[in-house]
Every structure is written in structure tokens, then in C-alpha cells.
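Examination of the molecular architecture
Residue-level listing of the chains:
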Amino acid sequence: MNITEKHDNQINPRRNLVRMAVAAIIGFGLSGQAANAVEGIPENEGAIKIAVADNTGQLFQAYVLGQVLQSVGYEVEYVAAGYYPQVQGLADGDLHMTTSLWSSNMGEGWMNLFETGQVLDAGETHHAGVEAWYANDKALEVCPGLDKNWEVLNNCVEAFATAETFPQGRFLDYPIEWGDSNQKRIAALNLPFVSQPSGSEGALISEINAAEDREEPLIVQFWSPHGIFADVNLTPVPLPAYAEGCNTDPAVGVNPDATYDCDWAPARVWKGAWPGVETNYPLAYRILQNFEVTGPEMAQVMKAVDTLGGEIQEYVDVWVVDNKDHWQGWVDDALANR
């Protein structure tokens, strides 16, 4: 039984009972502390501050990591942080850990913070990340060849135009706090389209589903892994291939006068930490290094939360129970290497 089925069969009808059962099974959760706390943990006073953002996948990872840290005796605090500001928060010590940084969507100054040791690279999350432009089936119908050549968009602008964008086409973009690189990308490729940021991840998903219901064509910025792909057929639009430097050097790419004249870079998804974690909470840092959640697991949870509703913490509780052998391995390795 997968986590989606468990939502139907357990969480919705008996939400509080499931929470109580999960807490009893794993010895922590609602009570906040673990039955199997490790002697000498925490090594120092104070809560470990884990960044949480307006993104279902990142929230899921943060809460899983938090529960595992609680299981060995750490106090955990979840701190709301924007995607770009969180890395500076790690450098300043206002945040201690984050679970999902994408190399294809990096904030200004990030690399300097990592290269100078102000923020630690705690290793990859081990799920492949892809960011791309996607077209729904109706878009492929009204714009034949879009699945093979981005340039055909020039021939079907009116099909994507709205009252707000006419005579230009509408491109549904990420929330503005996730970055504005598509505005540069559209301009660099000389496409007669307007980037319209969505309000949030939830709003983005709602618009994708609404376009399906109304059988309207849609071009949208999105990412994988995500549960939306189980319900909606979204096809990548092949932009000019990414080449190192095309986002910073006009000489690289198809437009000699512009940057961002290429597709999104292949994504490395990794974890970050305040350097003080390694010295003040070394066991927790090792657990963070070991932390991993697979793409299929992420997609399943995102589908359940975004399409079935409910509180994400409930899905985390179920995942932690079902995958105890997996995450216990992170803990055992950290203990063995203390």
C-alpha cells in the first residue's frame, strides 16, 4: 500500500488516531522526543534550525530530517525561509540546515558562500532534479512540432495569448521569489511571450489542472520529480541545449547579444549547512550528509499532498514509520563514525 492509499484509508477518516498510532510506534512525533535518544545528544544546547520553504517537496524533506534528528535526542526548530535568502541565512547562522538546493536555480552569491566555506555542502540528496519548460497535450495539438522544436512557438502565439498578454503569448512561470531567469530566457530567444509568475506552488498546480479541465493550451515552467506528472501529461519543450557559460557569457549560446539563450542546466540537488553544525552538533551533521529521499518517494508524497489534501506532517509520519530501516541506516552510520 502506498502513501496515497494510506491517505484514503487512514489519514482522512481517522486523522488524530493515525497521529497517535504513529507517535506510539516510533516513540516520538507529537511528544517531540525520542524513546531511543542517544547518550550525549545534543552535544550542545539549543535547537537545530531547519529551513522550510513554500514547496511541498522541500517541506517533506525538512520534516523527515527533523523527525530523524528528534529520534536521537535533538531539539528541532523549523524556520520559514525564502528559497534564495536561505543560503545567506546559513552563512549567518540564523539557519542551520537546508535539504534542497538546486544548481540549476542558484541565487546571486551562493557559489562564493560555498567556495569560501561560509556554508557547507553536505552532499547530494540522491534524487535527480530536472527543470524545464513543459507543454500540455492541448499545446501540442495547437502547436504541432513543439515537442521537437521550441521555435514553432513563434507560429502559434495567438493560441497562448490571454486578455492580459495579447498580442503576446502567456508563459506560466515560477513564483517570482523562485527567480526571474525565464524573463531573460524569453527575451534572449526573441519569443513574443510574457512571463507571468504564479503565486505559489499550489497556484501553479491549480492552473495546470484548470487548463486540463478547460482543454486550454499551456506552456509552463515546472520541475521533476513531482506528483503532477501522474495526473497530467506534460511534455518538455526542447530549448537550445545548455552549454557552460550561456547564462553569464553572451558569446555562448544561440544569441551573441544575450545571456540565458539556452535551456535550464542539468540540476544537482544538494543539502547545505551552517559550518557551526559540524562543530557543535557533529552527529546531526553526519545524519544530514547521509539523508536521502528518492525521486519516486518525493513524487508520491507531492501527489498525495497536492491532490488529496491534508497536512504534510501526516504523510511524513506515515513515511517515517514505513521507512524506519532506511533512515535508521543514516543514524547507525553517523554513530559508527562519531
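Residues numbered from 1 in each chain as written. Predicted model: local features only at pLDDT ≥ 70, side-chain atom pairs only at ≥ 80, totals over all residues. Heavy atoms only, no water.

Quick word on the layout of surface pockets
Selection rule: Residues are called lining when one of their atoms sits within 4 Å of a cavity or pocket point, these points coming from a 1 Å grid over the protein atoms alone, where a cavity is a set in which a 1.4 Å probe fits but cannot get out and a pocket is an open set with protein on both sides within 12 Å along at least five of seven lines. Grid points are joined across faces, edges and corners, and a volume is the space filled by probe spheres set on the points. By the criteria applied, helices consist of DSSP H or I runs no shorter than four residues and strands consist of E runs no shorter than two, each listed in order from the N terminus. The nonpolar class holds Ala, Val, Leu, Ile, Met, Phe, Trp, Tyr, Cys and Pro. Asp, Glu, Lys and Arg form the charged class, and all remaining residues, Gly among them, are polar.
In this structure, the largest pocket encloses a volume near 590 Å³. Lining the largest pocket are 24 residues, and of these Ser103, Ser104, Met106, Asn247 and Tyr260 lie nearest its centre. Sorting the residues of the lining of the largest pocket by element identifies α5 (110–115) and α8 (181–188) as the ones contributing at least two each. Top element by residues in the lining of the largest pocket is α8. It accounts for three residues. Of the residues in the lining of the largest pocket, the class split is nine nonpolar, 10 polar and five charged. Of the voids in this model, the second largest pocket is the one considered here, and its volume is about 340 Å³. Among the secondary structure elements, those contributing two or more residues to the lining of the second largest pocket are α3 (56–71), β3 (97–102) and α12 (295–308). Here the lining of the second largest pocket gets three residues from one element, more than from any other, and that element is α3. Looking at side-chain class alone, the lining of the second largest pocket contains 10 nonpolar, nine polar and three charged residues.

Topic: the side chain of Thr99
Operational definition: A simple rule labels every residue: compare its accessible area, found with a 1.4 Å probe on the protein chains alone, to the largest value its type can have, and call it buried under 20%, exposed over 50%, or partly exposed in between.
Here Thr99 is to be found in strand β3. Residue class for Thr99 comes out buried when judged on its relative accessible area of 0%.

Some words on the state of the cysteines
Quick note on the threshold: Here, the term disulfide refers to a pair of cysteine sulfur atoms separated by no more than 2.5 Å.
As enumerated under the stated definition, the model contains two disulfides in all. Here Cys143 pairs with Cys156 through a disulfide, and the sulfurs are 1.9 Å apart. In this structure, the disulfide formed by Cys143 and Cys156 twists by about 45° around the S-S bond and is classed as right-handed. Pair noted here: Cys143 is in the loop between α6 (137–142) and α7 (157–160) and Cys156 is in the loop between α6 and α7, with a separation of 13 residues, a long-range link. On the accessibility criterion, Cys143 (0% relative accessible area) is buried. Classification of Cys156 by relative accessible area gives buried; the value is 10%. Through a disulfide, Cys246 is tied to Cys262; the S-S separation comes to 1.9 Å. In this structure the cystine formed by Cys246 and Cys262 twists about its S-S bond by roughly 65°; its chirality is therefore right-handed. Here Cys246 is found in the loop between β9 (234–236) and β10 (269–273), whereas its partner Cys262 is found in the loop between β9 and β10, with 16 residues between them in sequence.

Side note on the pattern of salt bridges
Note the threshold: Salt-bridge detection follows one rule: a side-chain nitrogen of Lys or Arg within 4 Å of a carboxyl oxygen of Asp or Glu.
Taken as a whole, this structure holds eight salt bridges when the rule is applied. Glu207 is the partner of Arg170 in a salt bridge, and the nearest nitrogen-oxygen pair spans 2.7 Å. One end of the pair, Arg170, is in strand β6 (residues 169–173); the other, Glu207, is in helix α9 (residues 201–214), and 37 residues separate them in sequence. In this structure, Asp333 and Arg286 form a salt bridge, with 2.9 Å as the shortest nitrogen-oxygen distance. Separated by 47 residues along the polypeptide, Asp333 in helix α14 (residues 324–336) and Arg286 in helix α11 (residues 282–290) bring together distant segments of the chain.

Here's the deal with empty space enclosed by the protein
Per the counting criterion, the structure on display carries one cavity of 30 Å³ or more. Approximately 40 Å³ is the volume attributed to the largest cavity. The wall of the largest cavity is formed by Tyr84, Asn105, Asp173, Tyr174, Trp178, Gly179, Asp180, Ser181, Asn182 and Trp264. Of the residues in the lining of the largest cavity, the class split is four nonpolar, four polar and two charged.

Regarding the nonpolar core
The cut-off we apply is this: Nine residue types can take part in a nonpolar core, namely buried Ala, Val, Leu, Ile, Met, Phe, Trp, Tyr and Cys, and a core is a set of them joined through side-chain atoms within 4.5 Å.
Counting 52 residues, the largest nonpolar core has Trp133, Leu146 and Ile219 as the members making the most contacts within it. Judged by nonpolar contacts, the second largest core, of 43 residues, contains Val64, Val68, Val76 and Val277.

Re the pairing of β3
The cut-off we apply is this: What makes two strands pair is DSSP finding at least two bridges between them.
Of all six residues making up β3, six are buried, and the element is well covered by its neighbours. With four bridges connecting them, β3 and β10 associate as antiparallel partners. By the bridge assignment for β10, Thr98 is matched with Gly272.

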